[in-house]
Amino acid sequence: MTREVNPYLLIGFLAILLYAPLNLGADNQASLQAFGTFDFAAVEGAWVNADPAFAGDRQGLLFDYGPSLNLLFMAWFSYTLDPAVPTVDPPTDIGSPDQRWMTALLALDGNRASGTLSAGEGGQFAAPPTGFQRGRDVGTFTVEFSACDRGTFSFDIAEPRLSGEFDIVPLESTVSADFQCQHSGPPPVRKLRWPHAPPGLSEAAYQELIETLWVINNFPQHQGADPARPNQAFFHDGLDVVLDNGTTVYALADGVVRSIDNHGDSGSSVVIQDSDQPDMAWGYVHINPQVASGAQVQAGDPLGVVMFQGLEHLHLSRLQRNPAAPGWVFWQQFQVNPTAHFDFVDTEPPVFEQRLRFFPNQSDAEFAPGEPVRVGGAVDIVAGIRDPGEYSRGLIDGLGGDTFGDRLSVARIEYQISGNGQPVRQYTAFDFRQLRLRRPAPNVFSQSPLARIVYKPFLLLNEPVDFNRIMSYYVLTNSDGTGNQTELVEADRLLAWDTAARADDGSRLFPNGTYTITVHALDYAGNSSEFSDQVEVFNGN
């Protein structure tokens, strides 16, 4: 028994995946996704018409997100949910001329995806290819997702003239009362009380604690940034909460004390494994511990008191178990971002240095100054950014604003390259809410090669040695452009904006001319700001 099918489009789609430009250095994983955080991976699978009267019968869509391409593949298919529909053997209508299966490879723009519809014709089911298969563009298609379980489908077909719009929902939601989709954006986290809040503290007193909080360093802030000591750069892998020595520190959650390491004048680090998430733990550093290894603790139990020689503070880390490590030694675990677990006051958006910097790829020598700067070849784009806000003490005199503070790392950085009559290309440089870090050795300076991927040393850029309101200089182009990186590898330093890149037809992707670089920064409180600068591309005649 043979059944007509259209293998052409499947072959064509595979060809797109195989031959689409994947040169990370050339186009840094170019995407058309606008600034935003909608997670298209959350909508993968089968969707149907949301109209209850229609019940999804014989009308559906299949979505598959390709993160490496940052494109959404769509197949518009026909099927039935009615088991009573009689069957014919052999079926006479499968693959008939009036049957249409259509596909599209959709570009992303915020929470929208759109592209050209292709219809397949000819061919046979379960049969080798023949000379009769063909695909042709028949119209356009757009889907806009309002959530990971709701969207609107619209299409416009030229011949025969046909257009329409209807709402769609995941197929699973129509057949299972227990359906729950994976919501877009970072997963929700459990809010916790700050570790220096004693049990029984009134809500008014706790609110005052939040309003007077001082976090001097956050995750993954750049430290050890002197270019004269290139092997002493590192990421700050937690939150430094400024507290007087002797301040009692309380357990954030129920757990088991897994390790205690003494650091001399810097106190000790205590690692407490979560009871409800055995692969996660909290690390409390710079305390004089009052608990023993192996002890069971409950949220609110006293763990010890702050002990640090210098600016007195507690270093608080969120740890993810490293399965390759033999135990729970603090420095051997993955460090992940703890900020989302806590409430704090930050009403100020990130602050930009009022220019962007441009370097030849992997070089510490900037392109020559100009109005605008002229660049060519493989280019690193560098943006100076700091995050102020009340909890960094950048706005309150007498609580750090006049000495330290106002210099925190941001949460997410996006940028776009536009102008000179070319398509707008948009990228996510880094999303630090997803990043995890690990030291290859006990010394924090062992992170230096990875720290140089994300940051340029601020002293390299002739900035004054004033740790108050200091900028971090982010190398935006040392990323794959998707914002999905959870790990950094040294090869990321090879990534760049290849201004000399060419398309398959030999034309320049970035012809000589002036381009605008717009950088968008988001902090951990959701405040955002952006800055634009111009650059001239010149790669010869």
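Residues numbered from 1 in each chain as written. Predicted model: local features only at pLDDT ≥ 70, side-chain atom pairs only at ≥ 80, totals over all residues. Heavy atoms only, no water.

1. Remarks on the overall build of the chain
Piece 1. What the chain contains, in helices and strands, is 5 helices and 31 strands.
Piece 2. Taken over 541 residues, the chain has a buried fraction of 49%.
Piece 3. Put simply, of all contacts in the chain between residues at least 6 apart along the chain, 64% involve residues at least 24 apart.
Piece 4. Carbon and sulfur atoms provide 52% of the accessible area of the chain, an area that totals close to 24700 Å². (Helix = DSSP H or I, 4+ residues; strand = E, 2+ residues; numbered from the N terminus. Buried < 20%, exposed > 50% of the residue type's maximum accessible area, 1.4 Å probe, protein only. Contact = heavy atoms within 4.5 Å. Areas by Shrake-Rupley, 256 points an atom, 1.4 Å probe, with all protein chains shown as cover.)

2. Some words on the pattern of salt bridges
Piece 1. A complete count under the given rule lists 16 salt bridges for this structure.
Piece 2. Note that Arg112 and Glu144 form a salt bridge whose closest N and O atoms lie 3.1 Å from each other. Taken together, the positions of Arg112 in strand S5 (residues 112-121) and Glu144 in strand S6 (residues 134-147) put the pair 32 residues apart, joining distant regions of the chain.
Piece 3. Between Glu536 and Arg374 there is a salt bridge, with the nearest N and O atoms lying 3.2 Å from each other. Placement of the pair is Glu536 in strand S31 (residues 528-537) and Arg374 in strand S22 (residues 373-375), with a sequence separation of 162 residues.
Piece 4. The class of Glu536 is partly exposed, set by a relative accessible area of 22%. (Salt bridge = Lys/Arg side-chain N within 4 Å of Asp/Glu carboxyl O.)

3. What about the packing of aromatic side chains?
Piece 1. Within the structure shown, the criterion is met by 22 aromatic pairs.
Piece 2. On the basis of an interplanar angle of 55° and a centroid distance of 5.9 Å, the ring pair of Phe235 and Tyr455 is categorised as tilted. Of this pair, Phe235 sits in strand S11 (residues 234-235) while Tyr455 is found in strand S27 (residues 455-456), placing the two residues 220 residues apart along the sequence.
Piece 3. Residue classification places Tyr455 among the buried positions, given a relative accessible area of 0%.
Piece 4. In this structure an aromatic cluster arises from ring pairing among Phe40, Trp47, Phe63, Tyr65 and Phe145.
Piece 5. Taking NZ or CZ as reference, Arg193 lies 4.1 Å from the ring centre of Tyr206, over its face. (Phe/Tyr/Trp six-rings, centres within 6.5 Å; stacked < 30°, edge-to-face > 60°. Lys NZ or Arg CZ within 6 Å of the ring centre and 35° of its normal.)

4. Description of the nonpolar core
Piece 1. Counting residues in each nonpolar core, the largest one holds 73 residues, and the members touching the most others are Trp194, Tyr284 and Phe358.
Piece 2. Listed in part, the 26 residues of the second largest apolar core include Leu61, Val138, Ile157 and Ile168. (Core = buried A, V, L, I, M, F, W, Y, C linked by side-chain atoms within 4.5 Å.)

5. A look at unusual backbone geometry
Piece 1. Each neighbour pair has its own omega, and for Phe219 with Pro220 the value is -5°, a cis peptide bond.
Piece 2. Its place among the elements puts Pro220 in the loop between strand S9 (215-217) and strand S10 (222-223).
Piece 3. Within the chain, Gln362 stands out as a residue other than glycine whose phi angle is a positive 65°.
Piece 4. Along the polypeptide, Gln362 turns up in the loop between strand S21 (351-360) and S22.
Piece 5. Even without glycine at this site, Asn420 takes up a positive phi of about 60°.

6. Looking at the environment of Glu487
Piece 1. Within the secondary structure layout, Glu487 lies in the loop between strand S28 (472-475) and strand S29 (497-498).
Piece 2. The class for Glu487 is partly exposed, based on a relative accessible area of 32%.
Piece 3. Residues Glu487 and Arg436 lie 51 residues apart in sequence; the distance between their C-alpha atoms is 6.1 Å.

7. Regarding the sheet that holds strand S30 (residues 513-522)
Piece 1. The strand order across the open sheet built from 5 strands is S22-S31-S30-S24-S25, with neighbouring strands paired in mixed fashion. The sheet is open, and its two borders are formed by S22 and strand S25 (422-431), each paired with just one other strand. For this sheet, the mean inter-axis angle between neighbouring strands, taken without regard to orientation, is 30°.
Piece 2. The pairing of S30 with S31 spans 10 bridges and is antiparallel. If you follow His520 over to S31, its bridge partner there is Glu530. (Pairing = 2+ DSSP bridges. Axes fitted to C-alpha atoms, helices over the stretch in contact; angles between N-to-C directions.)

8. Describing the pairing of S28
Piece 1. Of the two faces of S28, the one holding Ser472 and Tyr474 and the one holding Tyr473 and Val475 are both buried throughout.
Piece 2. Sheet topology places strand S23 (residues 378-386) next to S28; 4 bridges connect them, and they run antiparallel. Its bridge partner lying in S28, Ala383 is registered against Tyr474.
Piece 3. When S27 meets S28, the two strands line up antiparallel, connected through 2 bridges. What sits directly across from Tyr455, in S28, is Tyr474.

9. Observations regarding the confidence of the model for the chain
Piece 1. On average, the chain scores 81 in pLDDT, and the residues at 70 or more come to 79%.
Piece 2. The low-confidence segment residues 1-36, where pLDDT is below 50, has 101 contacts with residues more than four positions distant or belonging to other chains. (pLDDT = per-residue confidence, 0-100.)

10. Some words on the side chain of Gln333
Piece 1. Along the chain, the position of Gln333 falls in the loop between strand S19 (313-320) and strand S20 (334-336).
Piece 2. For Gln333, a relative accessible area of 0% translates into the label buried.
Piece 3. Engagement of the side chain of Gln333 in a polar contact is seen with the backbone nitrogen of Asn322, the distance being 2.9 Å.
Piece 4. Setting aside chain neighbours within four positions, we find Gln333 in contact with Leu319, Gln320, Arg321, Asn322, Ala325, Gly327, Trp328, Leu437 and Arg438. (Polar contact = N/O pair within 3.5 Å; in protein donor to acceptor, adjacent residues only side chain to side chain.)

11. Some remarks on the side chain of Asp492
Piece 1. Among the secondary structure elements, Asp492 is positioned in the loop between S28 and S29.
Piece 2. Despite its burial, Asp492 pairs with no opposite charge; the closest candidate is Arg493, at 9.9 Å N-O.
Piece 3. Ignoring anything within four residues of it in the chain, the contact list for Asp492 reads Ile453, Asn478, Gln485 and Glu487. (Lys, Arg positive; Asp, Glu negative; His and termini not counted.)

12. Section: helix H4 (residues 203-211)
Piece 1. Listed as buried for H4 are Tyr206, Leu209 and Ile210. On an axial view of H4, the arc spanned by its buried residues comes to 100°, and they lie on one face. Of the exposed residues in H4, the ones pointing more than 90 degrees away from its buried face are Ala204 and Glu208. (Arc of directions from axis to C-beta.)

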